Amino acid sequence: SILGTRCEETSRALSLLLKDEEAWVLPIVVLLKNATEPAKPGERAVTVNISQLEQGGFHIQVTVMVRGDLRPADFRRELVRVLLAERALRRKTDSATVRNPLIPEWLVNGIVDAMEYRQRSRPSALFVAVFKSGKIYGIEEIINATPGDLDALSRTIYSTSCCALVMALLDQPEGGMRLTRMLAALGTDPRPERELLNQWFPNLTKA
């Protein structure tokens, strides 16, 4: 019941951030497993599986291994990932293979941090410090970055930059609606995400 409550809270926070009150279409499965063996090197406690079904539709699942290294923040991040994936796939009716990854890492990072930003009603001290340093990444740098290859400092700058970009998108006129439409386009439009950004946020991304 605690996990269910956390899922509902996260879902509601995301809907408030995007100003999206549309009804669900695709179910999301959250599977809990008790770990019976020690974790292997690099094995994550929370994983996501999004697969197309032969008979049509999609299977969206978050698998949570209940073990010592399980962190609530990791679960929340992956839950946000599948909540965004549901929005991307809920209108997809053709059988074309979906892009991989379906939801860009910068968007997951930015949405998660933006949710925390809005819930606190103020930026974190780390966010302010990075922002004031002037080391924020540009849009191209954010999109093309590979977070797993970044050192600790660069990853901090990257995460702050993702949050700043998402907040800037949401602050555009009808920003929540536009971001929701862009998410839907990720599931049906094969164009690069930069082109989708240009389409839905031309005033921000034309530079």
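We now turn to the structure provided with this report. Just so it is clear, the model here is predicted, and its values are computed rather than measured. (Residues numbered from 1 in each chain as written. Predicted model: local features only at pLDDT ≥ 70, side-chain atom pairs only at ≥ 80, totals over all residues. Heavy atoms only, no water.)

**As for the pairing of strand S3 (residues 58-66)**
- In the sheet, strand S1 (residues 28-34) pairs with S3 via seven bridges, with the strands oriented parallel. When the bridges of S3 are listed, Leu-31 appears paired with Thr-63.
- Examined bridge by bridge, strand S2 (residues 46-52) and S3 share seven bridges and lie antiparallel to one another. When the sheet's bridge partners are listed, Val-46 is paired in S3 with Val-64.
- Connecting the antiparallel pair S2 and S3 is a turn made up of five residues, with Gly-56 showing a positive phi of about 105 degrees. (Pairing = 2+ DSSP bridges. Helix = DSSP H or I, 4+ residues; strand = E, 2+ residues; numbered from the N terminus.)

**Side note on the sheet that holds S2**
- The strand order S1-S3-S2 describes an open sheet built from three strands, whose pairing is mixed. In this open sheet, the two strands that pair with only one neighbour each are S1 and S2. Along the sheet, successive strands turn relative to each other by an average axial angle of 20 degrees, direction set aside.
- Strands in contact with helix H2 (residues 72-89) are S1, S2 and S3; relative to S3, the strand with the most contacts, it is inclined by about 175 degrees. (Axes fitted to C-alpha atoms, helices over the stretch in contact; angles between N-to-C directions. Contact = heavy atoms within 4.5 Å.)

**Here's the deal with the pattern of salt bridges**
- Counted under the stated rule, the structure contains 15 salt bridges.
- Between Arg-67 and Asp-69 there is a salt bridge; the shortest N-O distance is 2.6 Å.
- Arg-67 sits in the buried class, given a relative accessible area of 15%.
- On the basis of relative accessibility, which here comes to 38%, the residue Asp-69 falls in the partly exposed class. (Salt bridge = Lys/Arg side-chain N within 4 Å of Asp/Glu carboxyl O. Buried < 20%, exposed > 50% of the residue type's maximum accessible area, 1.4 Å probe, protein only.)

**Quick look at unusual backbone geometry**
- With an omega of 0 degrees, the peptide bond running from Asn-100 to Pro-101 counts as cis.
- Along the chain, Pro-101 turns up in the loop between H2 and helix H3 (105-120).
- Residue Lys-19 is not a glycine yet carries a positive backbone phi of 55 degrees.
- Assignment of secondary structure puts Lys-19 in the loop between helix H1 (2-18) and S1.
- Residue classification places Lys-19 among the exposed residues on the basis of a relative accessible area of 73%.
- Even without glycine at this site, Glu-174 takes up a positive phi of about 55 degrees.
- The topology assignment puts Glu-174 in the loop between helix H6 (152-170) and helix H7 (175-188).
- Classification of Glu-174 by relative accessible area gives exposed; the value is 56%.

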